[in-house]
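Each chain, written out:
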Amino acid sequence: MNEIDPKFKYEVAQEPGGEKIKLCFACGICTASCPVREIDERYNPRKIIRMILLGMKRRVLENDFIWFCSSCYACTERCPQGVRFTDVMNAIKNLAVKEGYVPNAYIQQIGLLRQFGRLYEIDEFDNNKRAAMGLPKVAKAKGFTRRIMEITGIDRIIQRKNEK
Amino acid sequence: MKYALFPGCTVLGRGRNYEMSTRAVARVLGIEFVDLDDFECCGFPLKSVHYDTYYIMAARNILTAEEEGLDICTLCSACTGSLTEVNKHLNENFDEKAKLIAQFKKQGIEFRMGRGIRVKHLVKILYEEIGTKKIEGYIKKKLSNLTFAPHYGCHYLKPSDIYEPAEDPENPKSLDELIAVTGAKVVNYSEKLKCCGAGILAINEDTAYSLTRPKLKELSDNSVDAIVLMCPFCSVMYDDNQKKIEQKFQEQYNLPVLYYPQTLGLAMGLEPKVLGLQMNRVSTKALLEKIK
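In this text the structure is predicted, and so the values were computed from the model without any measurement.

Enquirer: Got a minute to help me understand the overall build of chain B in this structure?
Expert: Counting its regular elements, chain B contains 13 helices and 8 strands. Its C-alpha atoms give chain B a radius of gyration of 19 Å, near enough to 19 Å, the size a compact globule of 292 residues would have. With the principal axes as the frame, chain B shows a C-alpha extent of 60 × 45 × 30 Å. When burial is assessed residue by residue, chain B has 54% of its 292 residues classed as buried.

Enquirer: Can you help me understand the sheet that holds strand β8 (residues 257-259) of chain B in this one?
Expert: Hydrogen bonding along the main chain pairs the strands of a sheet, whether they run parallel or antiparallel. Residues and elements named next belong to chain B. The 4 strands lie next to each other as β6-β5-β7-β8, forming an open sheet whose pairing is parallel. At either margin of the open sheet sits one strand with a lone partner, and together these are β6 (185-186) and β8. Where strand β5 (residues 147-150) meets β6, 2 bridges bridge the pair, whose relative direction is parallel. The residue of β6 that forms the bridge with T147 is K185. Strand contacts of helix α12 (residues 260-267): β5, β7 (226-229) and β8, with the helix running at about 80° to β8, the strand carrying the most contacts.

Enquirer: I keep staring at the packing of helix α10 (residues 144-152) of chain A against helix α3 (residues 51-67) of chain B and nothing clicks. Help me out?
Expert: In a packed pair of helices, the relevant descriptors are the angle between the two axes and the axis-to-axis distance. It is the contact of α10(A) with α3(B), at a shortest axis distance of 10 Å, that shows an interaxial angle of 145°. At the point where α10(A) passes α3(B), the crossing takes the right-handed sense. Note on element contacts: α3(B) touches α10(A) through D52(B), T53(B), I56(B), M57(B) and R60(B), opposite F144(A), T145(A), I148(A), M149(A) and T152(A). Here the contact of α10(A) with α3(B) is built from residues that sort into 5 nonpolar, 3 polar and 2 charged.

Enquirer: Would you mind going over the domain arrangement of chain B with me for this structure?
Expert: The figure often quoted for interface size is the accessible area lost as the parts come together. All names here are of chain B. Parsing chain B into structural domains produces domain 1 (2-122) and domain 2 (132-290). Look at where the C-alpha atoms of domain 1 and domain 2 centre, and you get two points 25 Å apart. For the side of domain 1 that touches domain 2, the secondary structure elements donating two or more residues are α1 (8-14), α2 (16-29) and α4 (77-92). For the side of domain 1 that touches domain 2, the class distribution of residues is 11 nonpolar, 10 polar and 4 charged.

Enquirer: Can you help me understand the sheet that holds strand β2 (residues 32-34) of chain B in this one?
Expert: Residues and elements named next belong to chain B. Taken together, the 4 strands give an open sheet; going across it, the order is β2-β1-β3-β4, and neighbouring strands pair in parallel fashion. The open sheet is flanked by β2 and β4 (119-121), the only strands paired with a single partner. Pairwise comparison of adjacent strand axes, ignoring direction, gives a mean angle of 40° for this sheet. As paired strands, strand β3 (residues 71-74) and β4 are joined by 3 bridges and run parallel to one another. Among the inter-strand pairings, I72 is bridged to a residue of β4, identified as V119. Most of the contacts of α4 go to β4, to which it runs at about 160°, and overall it touches β1 (2-6), β3 and β4.

Enquirer: What should I look at first to understand the packing of α2(B) against α12(B) in this one?
Expert: All names here are of chain B. Close contact between α2 and α12 brings their axes to 8 Å; oriented N to C, the two are set at 45°. By the angle between their axes, α2 is oblique relative to α12. Our pair here, α2 against α12, has a crossing hand that is left-handed. Taken together, the residues of α12 that come into contact with α2 (itself represented by N17, S21, T22, A24 and V25) are P261, Q262, L264 and G265.

Enquirer: Would you take a moment to explain the environment of L178(B) for this structure?
Expert: Residue and element names in this part refer to chain B. Summarising the element assignment, L178 is placed in helix α8 (residues 174-180). Sequence separation between L178 and K105 is 73 residues; the distance between their C-alpha atoms is 43 Å. If sequence neighbours within four positions are ignored, L178 has contacts with V123, L126, Y127, T132 and Y260.

Enquirer: Please clarify how the environment of M56(A) should be interpreted in this entry.
Expert: Residue and element names in this part refer to chain A. With respect to the helices and strands, M56 occurs in the loop between α4 (45-54) and α5 (57-61). Through-space distance from the C-alpha of M56 to that of D123 is 47 Å; in sequence the pair is 67 residues apart. Other than its neighbours up to four places away in sequence, M56 contacts E3, I4 and M51.

Enquirer: What am I meant to see in α12(B) here?
Expert: The α-helix winds at 3.6 residues per turn, so residues separated by three or four positions along the chain end up facing the same way. Here α12(B) lies mainly inside the structure; 8 of its 8 residues are buried. Buried residues along α12(B) sit against α2, α6 (122-130), β5, α8, β7 and β8 of chain B.

Enquirer: Where do I start with the pairing of β3(B) in this structure?
Expert: For a regular strand, side-chain orientation follows a simple rule: the groups alternate between the two sheet faces. Pairing of β1(B) with β3(B) involves 4 bridges; the strand directions are parallel. Following the sheet pairing, F6(B) is matched in β3(B) by T74(B).

Enquirer: Please explain α2(B) as it appears in this structure.
Expert: All names here are of chain B. For α2, with 14 residues, the first-to-last C-alpha span of 20 Å sits near the 20 Å given by 1.5 Å per residue. Among the 14 residues that make up α2, 10 are buried, leaving the element largely enclosed by the rest of the structure. Among all positions in α2, only N17, Y18, E19, M20, S21, T22, R23, A24, V25 and A26 are buried. Elements in contact with the buried residues of α2: α1, β2, α6, α10 (232-240), β8 and α12. Note on α2: the residue one or two positions beyond its end, G30, has a positive phi of about 80°.

What counts as what
Residues numbered from 1 in each chain as written. Chains lettered and ligands numbered in written order. Predicted model: local features only at pLDDT ≥ 70, side-chain atom pairs only at ≥ 80, totals over all residues. Helix = DSSP H or I, 4+ residues; strand = E, 2+ residues; numbered from the N terminus. Rg over C-alpha atoms; globule rule 2.2 N^0.38 Å. Buried ≥ 20, exposed ≤ 12 C-beta atoms within 10 Å, placed from the backbone. Pairing = 2+ DSSP bridges. Contact = placed C-beta atoms within 7 Å. Axes fitted to C-alpha atoms, helices over the stretch in contact; angles between N-to-C directions. Left-handed = near helix turned anticlockwise from the far one by under 90°. Nonpolar A, V, L, I, M, F, W, Y, C, P; charged D, E, K, R; others polar. Domains from an automatic or database assignment. Parallel < 35°, antiparallel > 145°, perpendicular 65-115°, else oblique. Expected span 1.5 Å × (residues − 1).

Now the structure itself:
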């Protein structure tokens with residue numbers, strides 16, 4: 001029982017997107033609407049909500065499956081209680097990141113965004129191709145994204161994972 | 001009609017055919033696009049990792065357009081979702097917007113406090129601002145020999161409460177009607193509202209492709225000429241990765257994938273090359289033959 005943290009649901013409710021978590025009355029329409037659940041039974045929105053409300057903090061945040069939400073919002077549209085489960089998942093993932101659980105895919109994306117301001121580098125070669133197709137030149141990013149990342153401290157948060 | 005064009009990362013990196021057809025169709029319709037050098041990523045990839053970073057990235061792009069007095073036209077549905085959500089928040093919370101502008105100022109990034117802008121997906125601009133009646137006037141070559149399956153994707157419709165006006169996500173009509181105006185037949189199909197799976201491609205390819213598969217499978221059986229969509233990441237799944245999915249499941253789909261402006265462009269009589277059709281991965285030759 002040491003694993004149970006009864007305050008976990010309040011922690012989730014304080015994250016952007018997690019505010020409505022306590023409204024869930026467990027009808028399960030989220031699970032019934034979920035396209036990922038249709039493919040893999042290990043991803044189960046209703047179960048994740050129950051785990052959050054019961055305070056199973058570690059088991060939720062450590063679980064690789066919280067990263068399987070495809071962010072399609074089918075559950076959010078149908079939920080009779082307005083729980084906004086897609087947004088709750090973002091809140092959960094944000095909390096997991098703070099605890100040092102970040103999938104490598106995101107670390108790579110953060111690296112690209114910091115360096116190029118976009119997920120893809122648009123270089124001279126691309127711009128020549130664009131010109132040949134009559135498309136305007138894409139200017140090199142001026143580093144706004146990098147500066148925002150420095151200010152919000154996302155780098156420091158990612159670093160914590162590497163120290164783990 | 002003038003917009004700041006926000007192509008987004010995926011269109012710039014992998015969707016030149018979408019960008020070309022968008023610009024070609026816009027020229028015909030008299031939509032003027034302004035390209036702003038200061039646009040960077042919309043922030044969407046970081047929403048699930050670090051909300052504040054996501055929010056500030058989206059807000060900075062919005063303020064950049066506002067500084068030029070322009071509304072934003074998006075092409076990617078994920079960009080549309082992020083920018084619309086944050087824009088709604090900024091427009092409804094002027095105090096927070098002022099605070100954010102003050103914080104940017106401390107960093108040497110200056111924005112004036114404006115009254116707010118609008119963010120709209122290209123297809124919503126076509127449907128709501130121009131309208132099918134007016135578009136009909138530009139159709140030179142009816143695509144009556146073709147049958148298309150509309151794919152709306154997720155973020156173009158959902159979450160519906162961030163959009164103004166919202167479209168019913170369980171029974172959307174905009175893309176159906178915009179396809180119908182080209183003279184093509186539009187099919188309804190059981191997997192119509194399904195997610196393409198792109199959202200988890202980077203996390204788990206197998207699951208992502210399993211999400212993409214049902215639609216390809218159903219439509220290959222129905223013998224439609226193409227699936228028509230308007231999100232570059234959906235196109236990555238259905239077009240760029242179609243071969244991979246065929247191999248993975250040992251199935252044959254052979255289903256061409258068109259961006260909506262490519263479809264409209266064909267009906268306007270524009271050359272396939274101007275619409276970037278040579279860049280679509282699954283060959284569009286057969287359907288082009290039918291409208292020769």
